[in-house]
Amino acid sequence: MFSLPIAFAYPWILLGLISLPVIWWLLRLTPPRPQEETFPPTRILARLRQNEETPSNSPWWLTLLRLLLAACIILAMAGPVLNPEETRLKGEGPVLIIVDDGWASANAWDARMETALSLIREAEATGRSVILESTTGRDTWSGLPVTAKEARSLLEAAEPDPLPSSHTAAANRISTNAAAIKPGQVFWLSDGLARDGSETLVDTFSKLATPTELFLPELQSILAIGATENDPEALTGTVLRADDTSAQTLEIIALDDKGLTLARTITQFSEGEKQAEIIFDQPVELRNQFTRIIIDQHKSTAAVKLLDENNRRRLVGLISGETFDQAQPLLSPLYYISRALEPYSDIRRSDNANVESSVPDLINQGVSVIILADVGTMSEAAEAALNEWINRGGMLVRFSGPRLGASPQGDLLPVEIRPGDRNLGGALSWETPKPLAPFDRGSPFYGLEAPREVLVEKQLLALQSSTLDDKTWSRLEDGTPLVTAEKRGNGHLVLYHVGSDAEWSNLPLSGTFVEMLRRTVNLSQSGPGATNTQSGGAVQQISLPPFLLLNGHGELVQPDEVAKPLVLGTNSEIEISRDNPPGFYGNEDGLQALNLFDGNIELSQLSDQSFIENLEIRTYQIIEQFEFRTWLLAIAAFLLILDCLAILWMFGTLRRPAQFTKQAAVWATISIVSLTLIDINRVSAQETDFSAALETRLAYVITGVPEIDDISEAGLRGLTQFIGSRTALEPGEPIGVDISQDELAFYALIYWPVDPRAEVPSASTMARIDAFMKQGGSVLFDTKDQVTGVLGGSSNSPAAQTLQLILSSLDIPALEPVPPNHVLTKAFYLLDTFPGRYTGGDLWVEASQNQENRVVSVGDGVSSILITSNDFAGAWAVDSFFRPLLPTVPPDPNQRNYAYRVGVNLMMYALTGNYKSDQVHLPALLERLGQ
């Protein structure tokens, strides 16, 4: 069937074109207005004629001009559209739109949304309701019929979720809701991946017995990073894809915790392959700084791999009490230890056999773990160095042997040891070798199998004490400790009560020994995400708050109010869900990475499945439409102006300047009003908002980063509400300002969130800021990076570097942290700290000394510049119900209250200056107080 590329919204209006001949006939008979002349009687009488004159016809060009004007208006009212949307709706009843909105939908999200919006527009035009169903189970999508307007609002607010899609759950919800309301037509906007429940979902469509259309992406590669391993020579991993029809080259980037690129590598897919290998062969010291691995130019949650302490190779230092390591390596106490740890850790050995010298040598190499194999007596200097290193976070692991059994005294033991060893199975012993007991639930070794063939013939016995059970990680079958440990300071002290060779036990010959050592070493320098220990290592159930989470586009963002703490220590598999989306959990001291995929999976295309054969399959297409209405109205307005000028010429007005001047003003006004009613480019002109001159309003700088601007707006809205409820000041709604062109003189204080992703303002823009500050305004810069600090400690964070670039073009004075007697500490509330979402960072203001040398003028003692790193807006931010959006770090309710008080003091300080420190008012204040 032939279809035109142009359609009309109201084609019946085209019937008005039939009236054009009538208009032509009327215009043809309309004579021009007679020319006006001054009244010279004699000249008029002289030219009198006896013949009768008839009116002349309208000129043909004027008639054509007016016909074109009428035709343009009629066509514009009919609503012509180039490349109109194809009509897809059939039948009657609600339109069911199922959206695959999980991680795989991110790359084609715009096409999917445009297709859904076009379906909603068509449903709205036909008066049909819409049912939205999400395969990730969005709470705001009820799965019940709503109006097309409500559906459009829900869809426009949606973003891809960093979660896996569940076709089984979607099928169950559709079946349940269809029992009450049966949809009239079904559209499945797929991400192109087949899942376990895809066939179940298609069967659900069949049971509905309604027309169903399936939309598939056009040959789009969906990529994911699978398992990664930090091997001795390189960090390796795999990249997975769904489309294997062609070769493909990808660039993989490794980032550190500040988002800086540390390494790049290239991986290639051959035709027919769905997996490719990632290799980063940088030194282990550099690889240990990787926190993220991303696929360049691919924005999705699965294209990002988060790395934490568990992915970093530990540096392990080995020290032995034996002297024949090189001569007889198989008899060396370190042989089995090194063989067990080499696949997972980097081994360091001291060149000096002297323990007193080798201990500081290994510490200087930055090792995380030091293993002493049968080392008994040590010098006081070595013990002091080890004690200090353990308290700072190091881990000391000691293995028993004859030397340690002979001198078990010393401070570097988790439990007291009875001198001598216990012989099990010797010629003079009544006891037989003992096997391992099953590992307790509270042990770091819990989950490992205790093989019955592992037997212990000798061991060092621990003296009984009230804390022995808490310090025991592993036991023999008779209950005697095999491994004991103690947490000391920030580090750990671990003792294996058997030797590290096969003389005392065959444990070092087993695979269990490898796993036990690996888990022991992994406890070193790990954050709260690793196995937590208490009084020697009993695993506790811990709860880690969300720190930074991945969104559907693979970006790290602040957690929302939906995310819940991650609970560890339950020995159950952690499930990715809306409560626990992928991201980092914990705090600055230690983070646990939760990834979408920890292992390799298979990505299958839905187009390869046989069960979709009965569905009508379409592809996503974004068709650029063009509406002629505004242009036709513009042409009609232009023709109207030409018609007016022609009439003025025919009247003779243009030949009389005095008369033309009066009428031209009228027609010019009409023309300007007509043109302003037509929005040619559908862009509203930005006008200066003068409402800020009528009421006090809080302002923030628009950075261009959506999530930062949203938090700034929400934060100032929360502060506005707090100020209005606690003070006599009632500010208006907060406003975002474009510092490059908006008028800044209306605001006393402007909040400027500094983000490295935002564009650094131009020199002309900073000149406007400089003038604003010199004229009495104040700017509060917030870097939100209290972890690294600003102007104190390290200033190498991306936000701090961005702030340095901004300040480099400003004429600012010396700065200092707010002193104890500053006006800010008493402007409204009495404060001694200035916390925000974070605490600990200083609030910097202009230094109070050298007032005469200041180059930035201040109004009434108000600092023109303030700098913080505590994220004030994050603490103030509230939602539409005035509930906090972001958690404070640490999670202290009082911290948010003090953050609001800081905001009140800042506003009062900016508005009132130094009146609280002005001694001129002191007599009047004392008089009012009756003193």
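See the structure shown above.
Residues numbered from 1 in each chain as written. Predicted model: local features only at pLDDT ≥ 70, side-chain atom pairs only at ≥ 80, totals over all residues. Heavy atoms only, no water.

S.K.: Before we move on, can you summarise the packing of helix H4 (residues 109–126) against helix H5 (residues 148–156) with the specific residues and values?
M.R.: In contact at an axis separation of 9 Å, H4 and H5 are set at 170° when each is read in the N-to-C sense. With respect to H5, the element H4 is oriented roughly antiparallel. The segment H4 lies against H5, with Met113, Ala116, Leu117, Ile120 and Glu124 engaging Ala148, Ala151, Arg152, Leu155 and Glu156. Here the contact of H4 with H5 is built from residues that sort into seven nonpolar, no polar and three charged. (Axes fitted to C-alpha atoms, helices over the stretch in contact; angles between N-to-C directions. Helix = DSSP H or I, 4+ residues; strand = E, 2+ residues; numbered from the N terminus. Parallel < 35°, antiparallel > 145°, perpendicular 65-115°, else oblique. Contact = heavy atoms within 4.5 Å. Nonpolar A, V, L, I, M, F, W, Y, C, P; charged D, E, K, R; others polar.)

S.K.: Break down H4 for me, citing the residues and quoting the values.
M.R.: With 18 residues, H4 ought to run about 26 Å at 1.5 Å a step, and its terminal C-alpha atoms sit 26 Å apart, in line with that. Taken together, the buried positions of H4 are occupied by Trp109, Ala111, Arg112, Met113, Thr115, Ala116, Leu117, Ser118, Leu119, Ile120, Glu122 and Ala123. For H4, the elements touching its buried residues are strand S3 (95–99), strand S4 (130–134), H5, strand S5 (185–189) and strand S7 (212–216). Where H4 terminates, the next one or two residues include Gly127, which has phi positive at roughly 75°. (Expected span 1.5 Å × (residues − 1). Buried < 20%, exposed > 50% of the residue type's maximum accessible area, 1.4 Å probe, protein only.)

S.K.: Before we move on, could you go through the packing of aromatic side chains and cite the residues and values that matter?
M.R.: Evaluation of the coordinates by the stated rule reveals 16 aromatic pairs. Ring geometry for Phe439 against Phe445: centres 5.7 Å apart, planes inclined by 70°, an arrangement best described as edge-to-face. Accessibility classification places Phe439 together with Phe445 in one group, the buried group. Taking the centre distance of 6.3 Å and the plane angle of 75° together, the rings of Phe746 and Tyr747 count as edge-to-face. Classification of Phe746 as partly exposed rests on a relative accessible area of 24%. (Phe/Tyr/Trp six-rings, centres within 6.5 Å; stacked < 30°, edge-to-face > 60°.)

S.K.: Requested: an account of a nonpolar patch on the surface, with residues and values cited.
M.R.: On the surface, a nonpolar cluster with roughly 470 Å² of combined accessible area is contributed by Trp60, Trp61, Leu64 and Leu68. Following the sequence through the fold, Leu68 ends up in helix H3 (residues 60–78). A relative accessible area of 43% places Leu68 in the partly exposed class. (Patch = residues over 30% accessible without salt bridge, like charges linked within 9 Å, V, L, I, M, F, W, Y side chains within 5 Å. Areas by Shrake-Rupley, 256 points an atom, 1.4 Å probe, with all protein chains shown as cover. Salt bridge = Lys/Arg side-chain N within 4 Å of Asp/Glu carboxyl O.)

S.K.: Give a detailed account of the sheet that holds strand S33 (residues 616–619), specifying residues and quantitative values.
M.R.: Picture the strands of a sheet paired through backbone hydrogen bonds; they go either parallel or antiparallel. Across the sheet, which stays open at both edges, the five strands sit in the order S4-S3-S5-S7-S33 with parallel pairing between neighbours. The sheet is open, and its two edges are formed by S4 and S33, each paired on a single side. On average, adjacent strands in this sheet sit at an angle of 20° to one another, irrespective of strand direction. Direction of pairing for S3 relative to S5: parallel, over a ladder of five bridges. Within the sheet, the bridge partner assigned to Ile98 lies in S5 and is Trp188. (Pairing = 2+ DSSP bridges.)

S.K.: So what about the environment of Leu911? Which residues, and what values?
M.R.: Note on placement: Leu911 falls in helix H20 (residues 893–912). For the pair formed by Leu911 and Thr696, sequence separation is 215 residues and the distance between their alpha carbons is 9.6 Å. Residue contacts for Leu911: discarding those within four places in its chain leaves Thr696, Leu729 and Ala748.

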